[in-house]
Amino acid sequence: MKPLQELVRPNIWALTPYSCARDEFKGMKADVFIDANENPYNNTVNRYPDPLQEKLKQAISPMKQVPVENIFLGNGSDEAIDLPFRIFCRPGKDNVVAIDPTYGMYEVCADINDVEYRKVSLSETYDLNPDEILAACNSNTKIIFICSPNNPTGNAFQREKIEKIISSFQGIVIVDEAYSDFSDQRPFRFDILKYPNLIVLATFSKAWAAAGIRLGMAFASTELIGLFNRVKYPYNVNVLTQQKALEILGNATLLQRNIIQILEEREALMKSLSLLPICNKVYPTDANFVLVQVTDADAIYQYLVHKGIIVRNRNRVHLCGNCLRITVGTKDENTKLLSALRQYTK
Ligand SMILES: *Cc1c(COP(=O)(O)O)cnc(C)c1O
């Protein structure tokens, strides 16, 4: 890895971050807070939230087995995806490299930040080639994005291939593990102390059943987390989100049962889908969705819409011709989908 100072945008390296009232006061016990121009009358949300979400991080830490000082929390993974662009990529100059197809937000964030987005195609079997990815980089490449398990293909990549990219690349590698709770593979978040250039993303939106609270996580070295904290909005995770997340973390057994149920339903759904005449191929998946190649994705998508069933049409995505991406629903939802598909006639 290059020295951090060479990777970080000069304006960010030199930045004096905004100092909020609750940053300046730390430690000491106090019971009069007249420092932040808040309304003193308690309605449960009259106070600003903890800017660094200490209590929440202390609850997440044992669950994810990552030390508190290596955790960043943001407004969904969206924030954790956008911040590295703002920290590392000089607009109009630097570039990032990503596999294709993959999660759409990386390219949108690159476009918003005026950063060149270089795509490296996966193979026909949705596998990645580390040498091709490394060959797509030049001296202005700041970040490589690897989503594993990948969206929309569903597969997780071989650990050795991702390790090769992380250990060979001189810049930052972001491994997005939004779906790792549905996979048997050892998560990369356990390797953040081994690789100073690694950022691992996770989210409350999928396995943790809390897409509505907008809470994303990034795990990385304390140096990288420090940069996230300097650049983020001071109060980026609101009080209600922090409260709800703590509540969810208090019920880990329910969460675990949910995941097992989704995995069981995934097996059953894949088997039933593969027996349908309209189904050409069910791709292997390590996520809570399955990519299916059908005879006519556009027609079947429209047919399902008329039946009140919405799947994701990926027909126009690179390497995903005639593919639908189907999220594993409840037993009832999956049954409705399957019976609609069985009734489908061209
Ligand atoms: C769903 C998803 C996320 C989650 O995004 P949030 O902003 O946390 O809801 C992140 N990465 C990938 C690849 C996803 O598919």
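Higher on the page you've got the structure.
Since the model is a prediction, treat every value here as computed from it, not as a measurement.

## Points about the site of the ligand
Next up, step 1: If you check the shell around the ligand, you find 14 residues, and the closest are Tyr 179, Thr 203, Ser 205, Lys 206 and Arg 214.
Next up, step 2: The side chain of Lys 206 places a nitrogen or oxygen atom 3.3 Å from an oxygen atom of the ligand.
Next up, step 3: Compared with its free state, where it exposes 390 Å², the ligand has 94% of that area covered by protein.
Next up, step 4: With 3 residues, helix 5 (residues 76-88) is the largest single contributor of residues to the shell around the ligand.

## Overview of the pattern of salt bridges
Between side chains of opposite charge, pairing is possible as soon as their charged atoms come close.
Next up, step 1: For the coordinates displayed, the defined rule picks out 16 salt bridges.
Next up, step 2: A salt bridge links Lys 244 to Glu 247; its shortest N-O distance comes to 3.0 Å. Separated by 3 residues within a single helix, Lys 244 and Glu 247 lie in helix 10 (residues 239-249), roughly one turn from each other.
Next up, step 3: According to the relative accessible area criterion, Lys 244 is partly exposed, its value standing at 36%.
Next up, step 4: Note that Asp 298 and Arg 316 form a salt bridge whose closest N and O atoms lie 3.0 Å from each other. In this pair, Asp 298 sits in helix 12 (residues 297-306) while Arg 316 sits in the loop between strand 10 (312-313) and strand 11 (323-327), placing the two residues 18 residues apart along the sequence.
Next up, step 5: Since its relative accessible area comes to 26%, Asp 298 is described here as partly exposed.
Next up, step 6: Among the ionic contacts, a cluster of salt bridges with common partners joins Arg 159, Glu 163, Arg 186 and Asp 191.

## Points about empty space enclosed by the protein
Next up, step 1: Applying the stated criterion across every chain, the model contains 2 cavities of 30 Å³ or more.
Next up, step 2: Of the voids in this model, the largest cavity is the one considered here, and its volume is about 80 Å³.
Next up, step 3: Residue lining of the largest cavity: Ser 148, Pro 149, Ala 156, Phe 157, Ile 162, Glu 177, Ser 180, Ser 183, Gln 185, Arg 186, Pro 187 and Phe 188, and that is the complete set.
Next up, step 4: In terms of residue class, the lining of the largest cavity is built from 6 nonpolar, 4 polar and 2 charged.
Next up, step 5: Considered as a void within the structure, the second largest cavity measures approximately 50 Å³ in volume.
Next up, step 6: The wall of the second largest cavity is formed by Leu 273, Leu 276, Ile 278, Cys 279, Val 292, Val 294, Leu 304, Leu 324, Ile 326, Leu 337 and Leu 341.

## Section: the packing of helix 5 against helix 6 (residues 105-112)
Next up, step 1: Two numbers describe how helix 5 lies on helix 6: the axes approach to 10 Å, and their chain directions differ by 40°. By the criterion of interaxial angle, the relationship of helix 5 to helix 6 is oblique. At the point where helix 5 passes helix 6, the crossing takes the right-handed sense. Between helix 5 and helix 6, the contacting residues are Asp 78, Ile 81, Asp 82 and Phe 85 on the first element and Met 105, Tyr 106, Cys 109 and Ala 110 on the second.
Next up, step 2: Considering only residue class, the contact of helix 5 with helix 6 consists of 6 nonpolar, no polar and 2 charged.

## Points about unusual backbone geometry
Next up, step 1: Of note, the amide linkage connecting Asp 100 to Pro 101 takes the cis form, showing an omega dihedral of 5°.
Next up, step 2: Mapping Pro 101 onto the fold places it in the loop between strand 2 (95-100) and helix 6.
Next up, step 3: With an omega dihedral of -5°, the bond running from Ser 148 to Pro 149 counts as a cis peptide bond.
Next up, step 4: Unlike most non-glycine residues, Thr 44 shows phi in positive territory, near 80°.
Next up, step 5: Looking at the element boundaries, Thr 44 is found in the loop between helix 3 (21-24) and helix 4 (54-64).
Next up, step 6: We note that Asn 322 has phi near 60°; this positive angle belongs to a residue other than glycine.
Next up, step 7: Among the secondary structure elements, Asn 322 is positioned in the loop between strand 10 and strand 11.
Next up, step 8: A relative accessible area of 25% places Asn 322 in the partly exposed class.

Conventions we followed
Residues numbered from 1 in each chain as written. Predicted model: local features only at pLDDT ≥ 70, side-chain atom pairs only at ≥ 80, totals over all residues. Heavy atoms only, no water. Near = heavy atom within 4 Å. Polar contact = N/O pair within 3.5 Å; in protein donor to acceptor, adjacent residues only side chain to side chain. Areas by Shrake-Rupley, 256 points an atom, 1.4 Å probe, with all protein chains shown as cover. Helix = DSSP H or I, 4+ residues; strand = E, 2+ residues; numbered from the N terminus. Salt bridge = Lys/Arg side-chain N within 4 Å of Asp/Glu carboxyl O. Buried < 20%, exposed > 50% of the residue type's maximum accessible area, 1.4 Å probe, protein only. 1 Å grid on protein atoms, 1.4 Å probe; cavity = no way out; pocket = protein on both sides within 12 Å on 5 of 7 lines; lining within 4 Å. Points joined across faces, edges and corners; volume = space filled by probe spheres on them. Nonpolar A, V, L, I, M, F, W, Y, C, P; charged D, E, K, R; others polar. Axes fitted to C-alpha atoms, helices over the stretch in contact; angles between N-to-C directions. Parallel < 35°, antiparallel > 145°, perpendicular 65-115°, else oblique. Left-handed = near helix turned anticlockwise from the far one by under 90°. Contact = heavy atoms within 4.5 Å.

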